Amino acid sequence: MIKNHLLIATRNLLRHKAYSFINILGLAIGLACCMLIMLYVQNEWQYDQYHTNKDRIYRVVRETRMEGDRASIHPGSSGRLVPSLLQDFPEIEHATRIWERNFWVYDTQNTNKGFYQWVAIVDPAIFDVFTIPLLYGNPATVFDTPETIVISETMSIKLFGNTNPIGQTLTLDHNYHESKPYRITGVMRDFPTQSSIQFDIMTATVKPGEPEEWWNQWHAEYDVRPIQTFISLAPSTDVNALSAKLPDAIERYMGAQIRKMNDYHLQPLTRMHLYEYEDYGMQLIAFPDYGMPISSDITTVYLLITVAIFILIIACINFMNLSTARSVHRAREVGIRKVVGANRTSLIRQFISESMLLSFLALLLAVLLIRIVLPTFNNFSGRLLDFTDIFHGLMPLYLIALTLFTGLLAGSYPAFYLSAFQPIVVMKGLSTNQAKGAWLRKGLVVFQFAASVMLIIGTTVIYEQLAFMRNKKLGFDGSQIITVPIFVTDRVTRPRDGNRLSFRYNMAKEVFEQHPNILKTTAFRFKLGQGEEFIRTVQPEGFPPNTWRMPTNEVDEDFFETFGLNLVAGRNFSPDIESDRFNAYILNETAVKQLGWDDPIDKSFTFNSNPGKVIGVVQDFHNRSLREEIGPVVFIMRSSLYHHLGVKLKPENFSETLVHL
């Protein structure tokens, strides 16, 4: 019976090639869109799901409240937090710190072949918290001795080919760490792309001889907290009860003042990637200079699922409309089949079989379309979706189920509609139009057009939003400016002495400006829109201590002119004035408004134990996401902390100038 249905369905498809092609193509496009969204959603939902104890792993995040700024949530915490938690809370089984730093790494035998690499400084308990399989080495012993490292499979192949690298050495060089050869004691499998922690080298040696003292120097009051703390709880632990105990621990170890302004929260590992906006009303303030990944948003996932459903429904309605539009051509076929003994049930099975065949042909075409468009989709979405994921895990079953559902949904109405024709009517050549059911067909058409219009409007709104973000005047001119991380690169490896390149930033600027296509240069620490994530405690005149926090950025005297920022009051920094180098501050207009100052010039201002005065006010510019209002910013002239050189170029001979850079 099934063979006969498929044979007849195939004949019908081949007899009406144009109709079949249009129907298959329509379904294929709908299925391809749904499959792409399924791949994306599956990728998002798989984040951090591979850990054995994923439901018992939490990251400790810190909420800080200060006057003049909304509460901020940081993924970083104090270096001394882990031993305190393990000492006070028996429900915490294991804990590890992770601090990623950019090292200069090179083969000990060949110092000329080096590269910059993020290196994770961790506690040995990282293997107890996370599932990190080792290809070589024993996780219980890889960090038993100092100056040992574990590298990823990719790093091992990159450096040593397919040989076992255990016992080989790499030199890790950073100005905060003693440059030494580190012996490879383990090779770990690469982290999945759906992992919130990603690094290729890790070590438990922070400073030989005094590891805990080194961690503790990053104390609670220090404004930059790049250390992430992860804990693994004992089974059946009441997370809410544990969270309620954390404020007392803050006061016990850090004091009442710190407790007043800070709270610790336990963020489930499985919610880190998708639920930060939902859990905290904001995205956690990540540190771009420390390799921390940017999270996604569950709202986007839900929106995409909704879009996929509407696209699939539109494709199915399109199939129904095309099928019922051919009712006149198939009416005589139905009549003859009923005359020779076919009942309605067999006819319904016949039409459903045709729909199923079309659906599976559409699936094959959809897979081909995905193969073609996936690279473009990856570039657009910023993900690394793999075409082979379609054939792995439960995805084939999902696709088959989706195809069956599509075939049934698309073919059900035409099957019931066509099989209802009366033989005597169609054999006499009378009209097969029936008032009964007309309202449903019209309703489907109306719904199809309404859903299409809704998706078009949604697409237009999103396009306009993207265009708004691209074209929005941000308050500064970043055109034709290339950012060269020359100072931070030098800072990573050079000892903390007066010969550091950032101390000689004017010399570096002069060298670059010798090229005729370079108009202007400026030295600064944070790129506009990034450094504002480093919110520090400041002391403005007339306010109690430890009540104000503002983002700060270290810049030179040419920063405002290069980026087209105008001073609305006071003056600019001057390298010829000794006090400007450490004790002068320029605030943006929002900072002045929040402080309530009518005349901020010469007001006392202190940051990082450097008392000074406000010498100028710069115009506001967008220093945060366009989702947020413009926030306060404080500018300081401290050359020792410069990271980047901003180079403003002439538009002509651009590629030649890049070669020079």
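Right above here is the structure, for reference.
Only a predicted model underlies this, so the values are computations on that prediction, with no experimental measurement involved. (Residues numbered from 1 in each chain as written. Predicted model: local features only at pLDDT ≥ 70, side-chain atom pairs only at ≥ 80, totals over all residues. Heavy atoms only, no water.)

1. Observations regarding the packing of helix α3 (residues 81-88) against helix α7 (residues 239-254)
The description of two packed helices rests on the angle between their axes and on the distance between the axes.
Okay, so step 1: It is at 11 Å that the axes of α3 and α7 come closest, and there the two elements cross at 120 degrees. Compared by their axis directions, α3 and α7 come out oblique. Crossing of α3 over α7 shows right-handed handedness. For the pair α3 and α7, the contacting residues are Ser-84, Leu-85, Gln-87 and Asp-88 in the first and Leu-246, Arg-252 and Tyr-253 in the second. (Axes fitted to C-alpha atoms, helices over the stretch in contact; angles between N-to-C directions. Helix = DSSP H or I, 4+ residues; strand = E, 2+ residues; numbered from the N terminus. Parallel < 35°, antiparallel > 145°, perpendicular 65-115°, else oblique. Left-handed = near helix turned anticlockwise from the far one by under 90°. Contact = heavy atoms within 4.5 Å.)

2. Some details on the environment of Ile-352
Okay, so step 1: By the element assignment, Ile-352 lies in helix α12 (residues 344-381).
Okay, so step 2: Judged by its relative accessible area of 16%, Ile-352 falls in the buried class.
Okay, so step 3: Residues Ile-352 and Ala-410 lie 58 residues apart in sequence; the distance between their C-alpha atoms is 8.8 Å. (Buried < 20%, exposed > 50% of the residue type's maximum accessible area, 1.4 Å probe, protein only.)

3. Observations concerning the pattern of salt bridges
Okay, so step 1: Taken as a whole and assessed by the stated rule, the structure comprises 15 salt bridges.
Okay, so step 2: Of the charged contacts in the structure, one is a salt bridge between Glu-44 and Arg-383, with a shortest N-O distance of 2.7 Å. Within this pair, whereas Glu-44 is found in helix α2 (residues 17-45), its partner Arg-383 is found in the loop between α12 and α13 (395-419), the two being separated by 339 residues in sequence. Across this residue pair, the class does not change: Glu-44 and Arg-383 are buried.
Okay, so step 3: Of the charged contacts in the structure, one is a salt bridge between Arg-571 and Asp-580, with a shortest N-O distance of 2.8 Å.
Okay, so step 4: You can call Arg-571 partly exposed: its relative accessible area is 33%.
Okay, so step 5: One network of salt bridges, in which partners are shared, links Lys-509, Lys-520, Asp-556, Glu-557, Asp-558 and Glu-561. (Salt bridge = Lys/Arg side-chain N within 4 Å of Asp/Glu carboxyl O.)

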